[in-house]
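Remarks on the overall topology
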Amino acid sequence: MTFTPGPQSLLAITHLIVIRHGETAWNRERRLQGQLDIALNDTGQAQARALAGALASEPIDAIYSSDLSRAMQTAAPLSEAVGVPVQPEPRLRERCYGTLEGMTYAEVAQHRPEDFARWQARVPDYAPPQGESLRDFHERAVEVVLALVRRHPGERIALVAHGGVLDCLYREATGMTLEAPREHELLNASVNRLRSDSYRLTVAQWADVSHLATLTLDEVDRRVP
C-alpha cells in the first residue's frame, strides 16, 4: 500500500532513536538467534543501564520494543529513566531464520552450505527453511516503522529492536540495495538516529556507543550480514 503524504505530514518531522538490544551470550558465540527468545547476559544488562543514563534527559514521547526478551530487557531501564511505558511490537522482531536458528555460523557453513552461501550473498528472495526472506523482512521492518512514525507525527520515539531491523532501516534511508555488502556497523546497545516525514527515512546519526566507553562492547558479530 502506498502512503500519500498530506500537507501537515510534510512539515511534521518525527525523530527516531533506534536502538539495538544489548549483548547476549549467543552474540558472543556467533549463534543465530533470529526469533528465539534469548535474554541479555550481564554485559547486555550493563549496556542497557548505560543507555538509559545517556538518554534520560531526552524528551521521548513513546517507546516501542520488539517483544523478544533481549529487546524488552534493553528497553526497561530506558522506560524507567524517562517515565514512558514500553509498548511491545512483534513486528520489530529480528528476521526469522527458521531451522537455522540456534546454529552457530560455523555450523551453518558446515552442515548447510547451500543455505550459508545464499545467506552470505544476501539473496533477497532466499528464505531459510521455515524462515523469512530478506525481501519480506525488509518490507516488514520498514512498514512497521513508518506506521509508527505516522502515529507520532512531529514527536520523538524510541524503537528497541535487532541488528537486522537496524540494517533494513539504514538501507532504506540511504538507498542501499539489499544485496550490497554491509559496511555500516550494527552495535549492541547503540544509539542510531533517523528522521522521517511519514513516508521516507533519513539518517541523522549512526552507531553511537559513546555511552558504553567503560563497558565491553560486542564486536563479535559486527560484520555479520
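Throughout, a residue's number is its position along its own chain's written sequence, starting from 1. For this predicted model, a pLDDT threshold of at least 70 governs which residues receive local features, and a threshold of 80 or more governs which side-chain atom pairs are given and counted, while totals over whole chains, interfaces and linings are taken from all residues. Side-chain metrics in this entry use all non-hydrogen atoms of the structure; hydrogen atoms and water are not considered.

Quick look at the state of the cysteines
In this description, a disulfide is simply a cysteine sulfur pair whose atoms lie within 2.5 Å. Tallied over the entire structure, the rule returns zero disulfides. With no disulfide of its own, cysteine 96 lies closest to cysteine 168 among cysteine sulfurs, the gap being 14 Å.

Topic: the environment of threonine 202
The topology assignment puts threonine 202 in strand β6 (residues 201-208). Given the relative accessible area of 39%, threonine 202 is considered partly exposed. Discounting chain neighbours no more than four positions away, the residues touching threonine 202 are Ala173, Arg193, Leu194 and Arg195. We count a stretch as a helix when DSSP gives it H or I for four or more residues in a row; a strand needs E for two or more, and each element gets its number in order from the N terminus. Exposed residues in this analysis have more than 50% of their type's maximum accessible area, buried residues have under 20%, and partly exposed residues fall in between, with area computed by a 1.4 Å probe over protein chains only. By definition, residues are in contact when any of their heavy atoms lie within 4.5 Å.

Structural notes on the pairing of strand β1 (residues 14-20)
Side-chain direction in a regular strand flips from residue to residue, so the side chains alternate between the two faces of the sheet. Of all seven residues in β1, six are buried; the element is thus mostly enclosed. In this structure, β1 lies alongside strand β5 (residues 191-196), joined through six bridges in antiparallel fashion. Paired with threonine 14 across the strands is serine 196, a residue of β5. The pairing of β1 with strand β4 (residues 156-161) spans six bridges and is parallel. Within β4, the position partnered with isoleucine 19 by the bridge is valine 160. Here, strands pair whenever DSSP counts at least two bridges between them.

Structural notes on the packing of aromatic side chains
Between 30 and 60 degrees the pair is tilted, below 30 it is stacked and above 60 it is edge-to-face, where a pair is any two Phe, Tyr or Trp rings, Trp via its six-membered ring, whose centres lie within 6.5 Å. One pass over the full model with this rule turns up four aromatic pairs. Taking 6.0 Å as the distance between ring centres and 70° as the angle between the ring planes, the aromatic pair formed by tyrosine 97 and tryptophan 119 counts as edge-to-face. With tyrosine 97 in the loop between β3 (86-88) and α5 (105-111) and tryptophan 119 in helix α6 (residues 113-120), the pair connects residues that are 22 residues apart, well separated along the chain. Per residue, the accessibility class of tyrosine 97 equals that of tryptophan 119, and both read buried. Plain terms: the ring middles of tyrosine 105 and tryptophan 119 are 5.3 Å apart, the flat faces sit at 40° to each other, and that makes the pair tilted. Remark: tryptophan 119 occurs in helix α6 and tyrosine 105 occurs in helix α5; sequence separation between them is 14 residues. A relative accessible area of 11% places tyrosine 105 in the buried class. Among the residues examined, tryptophan 119 registers a relative accessible area of 5% and is labelled buried.

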